[in-house]
Amino acid sequence: GIVAARLGALRVVITDGDQMSVDLCVENLKENGISLDGECVHVERLLWGAGPQIEAFASNVELSPPGGFDVIIAADVMYKSELPPLLFETIKALLSSNGAAVLCHLVRAGVTQELVMNAAQEAGFDVTVVPMPTEHLPHDYCTEDEAKGGQIYLLRH
């Protein structure tokens with residue numbers, strides 16, 4: 001979200017299902033000089049999956065553009081085996097018909113790349129696997145093996 005805002009995205013909406021993470025994100029944005037006072041950057045709590053919360057989020061014009069988002073970016077967000085179908089259901093509900101979602105996934109807690117790929121395809125996405133750049137490994141936030149097992153997915157309706 002910080003990078004998208006810095007690069008001039010017209011609308012950046014950062015979400016997390018955990019309120020503490022949402023609060024931390026707000027502080028992070030402020031520490032990086034990104035204002036939350038305008039209409040460009042929003043931080044909201046959002047639980048994945050179909051239902052009233054996603055419908056309300058999608059219909060809130062302050063958060064979700066009419067017709068859906070052109071780009072959705074998610075990185076290292078799946079750490080329970082039940083999350084992939086919920087994530088892809090949410091992306092499907094919020095992505096515009098011509099939009100694309102980019103997902104970077106590191107295997108954690110048994111959420112394998114195969115599980116992610118199958119869930120994305122079952123949700124109806126066309127999935128392209130993008131080569132993961134490895135020239136900057138290891139990373140401070142994951143082991144070298146976790147990083148090498150990472151995968152980037154490009155998802156389209």
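Structure: see above.
Below is a short write-up of the structure. (Residues numbered from 1 in each chain as written. Predicted model: local features only at pLDDT ≥ 70, side-chain atom pairs only at ≥ 80, totals over all residues. Heavy atoms only, no water.)

### Quick look at the packing of helix H4 (residues 83-94) against helix H5 (residues 113-122)
Step number 1: Contact pair H4 / H5: the axes reach a minimum separation of 9 Å and the direction vectors enclose 40°. By crossing handedness, the relation of H4 to H5 is classed as right-handed. From H4, Pro84, Pro85 and Phe88 reach across to H5, where they touch Leu115, Val116, Ala119 and Ala120.
Step number 2: Residue classes in the contact of H4 with H5 are distributed as 7 nonpolar, no polar and no charged. (Axes fitted to C-alpha atoms, helices over the stretch in contact; angles between N-to-C directions. Helix = DSSP H or I, 4+ residues; strand = E, 2+ residues; numbered from the N terminus. Left-handed = near helix turned anticlockwise from the far one by under 90°. Contact = heavy atoms within 4.5 Å. Nonpolar A, V, L, I, M, F, W, Y, C, P; charged D, E, K, R; others polar.)

### What about the sheet that holds strand S4 (residues 95-105)?
Step number 1: The sheet built from 4 strands is open, its strands ordered S3-S4-S6-S5 with mixed pairing. A single partner strand is all that each edge strand has here, and the edge strands are strand S3 (69-75) and strand S5 (126-130). Put simply, the sheet's adjacent strands are angled 15° from each other on average, direction ignored.
Step number 2: Relative to strand S6 (residues 151-156), S4 is paired through 6 bridges, and the arrangement is antiparallel. When the bridges of S6 are listed, Val102 appears paired with Leu154. (Pairing = 2+ DSSP bridges.)

### Focus: the nonpolar core
Step number 1: Within the largest apolar cluster, 26 residues are counted, with the highest numbers of intra-cluster contacts made by Met78, Phe88, Ile91, Leu103 and Leu155.
Step number 2: Of all the elements in the fold, those that place two or more residues in this core are helix H3 (52-59), S3, H4, S4, H5 and S6.
Step number 3: The greatest single-element share of this core, amounting to 5 residues, is contributed by H4.
Step number 4: Non-local contacts of Met78, meaning those with residues more than four positions away in its chain, are made with Trp48, Leu83, Pro84, Leu87, Phe88, Leu103, His105, Arg108, Val111 and Val116.
Step number 5: Core analysis: the second largest hydrophobic core is formed by 9 residues, Ile14, Val22, Cys25 and Leu29 among them. (Core = buried A, V, L, I, M, F, W, Y, C linked by side-chain atoms within 4.5 Å. Buried < 20%, exposed > 50% of the residue type's maximum accessible area, 1.4 Å probe, protein only.)

### A word on the packing of H3 against H4
Step number 1: Where H3 contacts H4, the axes come no closer than 10 Å and their chain directions differ by 30°. Taken together, the axes of H3 and H4 are roughly parallel relative to one another. Considering the relative orientation of H3 and H4, their crossing is right-handed. Across from Ile54, Phe57 and Ala58 in H3, the residues of H4 making contact are Thr90, Ala93 and Leu94. (Parallel < 35°, antiparallel > 145°, perpendicular 65-115°, else oblique.)

### Focus: the pairing of S4
Step number 1: In this structure, S3 lies alongside S4, joined through 6 bridges in parallel fashion. Paired with Val71 across the two strands is Ala100, which belongs to S4.
Step number 2: As a crossover connection, the stretch from S3 through H4 into S4 is right-handed. (Right-handed = clockwise from strand over helix to strand, strands pointing away.)

### Brief notes about a nonpolar patch on the surface
Step number 1: Judged by side-chain polarity, Val71, Ile73 and Val102 come together as a nonpolar surface patch covering roughly 270 Å² of accessible area.
Step number 2: Its location among the elements puts Val71 in strand S3. (Patch = residues over 30% accessible without salt bridge, like charges linked within 9 Å, V, L, I, M, F, W, Y side chains within 5 Å. Areas by Shrake-Rupley, 256 points an atom, 1.4 Å probe, with all protein chains shown as cover. Salt bridge = Lys/Arg side-chain N within 4 Å of Asp/Glu carboxyl O.)

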